[in-house]
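# Working through the structure, step by step
The primary structure of each chain is shown beneath.
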Amino acid sequence: MSVECVASDVFLSHSSRNKRLAAGLCKRLEEAGLSMWYDADDVRFGGLLLDSIQAAIDDSGAFVLLWSASAARSRWVMAEFVTAVHLGRPIVPIRLDTKELPLALEHVAYLDTSRDRARLPELVARAVRQRTPTVLSPVIAGDLPTDVSELVDLVANAQYRVLDLVVHDRDQARSLNDEVSTALSTLHELVPSRSIVRTLAGYQAKNAYLVEHWEAVQAGQGPSSSPLLSESEWHFYDALAIDPFDVNALNGLGTVLFLQRELAAAAFFQGRAVELAAREGNDYGAAVADLAQTTSFQGKQNRTPSNG
């Protein structure tokens, strides 16, 4: 059987709050003969999911995830985790505290520092060398009640209507968006644990940002650091922690990252949404348009001035 050639044996993902433990584990794994890609803080300052980081995850033999309460609230860790899933990397989770793993990893074998601390480097090295493909937990959910399903459709359609209105009538767009927020609150009360509610909440926060800053966005000056965009981003991460292949959440995350000027990350997630939708025979026109916009701006960003 042929062995896959990789640039490094391990991509180690962690929260900056767990940096000391990550550095110690990295050293021990290197002593065990494994090559490491250590997710250093200075790289993160360059962007959320740079092409170089995507390549490093793709070229690694395994993705070692140091999971903790702080990791669960780290946008870098969440982006790297979802990327590793979509690049098909074997995932080796290590729980550092009592924070539960993402639901998608619920049935994946994991290590635990409270249980395995004495043998942790040995067990991680063994798991990495085995390169066992990660089988994610399937999303098993019953059908929504008819009235709830109708409310979901109502909210989704109204959110599209807000985007149409914001171009021509900001006041009406704002009024409708307030009505959608009320309907979404009702939906959250009815089915608070459903992934679709988190996805819709992500789009709602993103739309609220556009209504508030539309003229600035069109002028290329919309604030990339915004509480509404941060809120939207986390709603999408929450949805993707349940189902990393949710095309609506993937594209929604991509659109938010575009507004945050995280173009490499935006293009990756939007591209995956388009690809997965196409596999299912779904012409996801909105995602196709969003990806085209992102790649166009990437081209402008990478254009170098002439010396003439």
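So, here's what we can say about the structure. (Residues numbered from 1 in each chain as written. Predicted model: local features only at pLDDT ≥ 70, side-chain atom pairs only at ≥ 80, totals over all residues. Heavy atoms only, no water.)

### Focus on the pattern of salt bridges
Side chains carrying opposite charge are able to pair once their charged atoms draw close together. Inclusion rule: Only one rule defines a salt bridge in this text: a Lys or Arg side-chain nitrogen within 4 Å of an Asp or Glu carboxyl oxygen. In this description a helix means any DSSP run of H or I spanning at least four residues, a strand means any run of E spanning at least two, and both kinds are numbered starting from the N terminus. Summary of the burial criterion: residues with accessible area below 20% of their type's maximum are buried, those above 50% are exposed, and those between are partly exposed, where the area comes from a 1.4 Å probe applied to protein chains only.
Enumeration according to the criterion identifies nine salt bridges in this entry. Ionic pairing is found between Glu 122 and Arg 126, a salt bridge with its closest N-O pair at 3.2 Å. One end of the pair, Glu 122, and the other, Arg 126, are both in helix α7 (residues 120-130), four residues apart, so they sit about a helical turn from each other. When its relative accessible area of 41% is taken as the criterion, Glu 122 is described as partly exposed. In this structure, the salt-bridge partner of Asp 171 is Arg 174, at a minimum N-O distance of 3.5 Å. Of the two residues, Asp 171 and Arg 174 are both situated in helix α9 (residues 170-190); the distance of three residues between them amounts to about one turn of the helix. The exposure class assigned to Asp 171 is exposed, which follows from its relative accessible area of 59%. What you see here is one network of salt bridges that share partners, running through Arg 75, Glu 233 and Glu 262.

### Overview of the sheet that holds strand β3 (residues 60-67)
The condition is simple: Two strands are said to pair when DSSP picks up at least two bridges between them. For this analysis, residues touch if any pair of their heavy atoms sits within 4.5 Å. For helices, the fitted line uses only the C-alpha atoms of the stretch in contact; every axis is such a line through C-alpha atoms, and the angle between N-to-C directions lies from 0 to 180 degrees.
A sheet is described by the order of its strands in space; here five strands give the open sequence β2-β1-β3-β4-β5, paired in parallel fashion. Whereas interior strands pair on both sides, the edge strands pair on one side only; in this sheet they are β2 (36-38) and β5 (111-112). Relative to the sheet, helix α1 (residues 19-31) contacts β1 (8-13), β2, β3 and β4 (91-95), its axis offset from that of β2 by approximately 165°.

### Focus on helix α14 (residues 285-302)
Put simply, the rule reads: Helix span, expected: 1.5 Å multiplied by one less than the number of residues in the helix. By definition, the arc is the one covered by directions from the helix axis to the C-beta atoms.
The terminal C-alpha atoms of α14, which comprises 18 residues, lie 26 Å apart, in line with the 26 Å expected from a rise of 1.5 Å per residue. Those residues of α14 that sit buried are Ala 287, Leu 291, Thr 294 and Gln 298. When α14 is viewed along its axis, its buried side chains cluster within an angular range of 65° and face the same direction. Its buried side turned inward, α14 meets α12 (247-259) and α13 (263-279).

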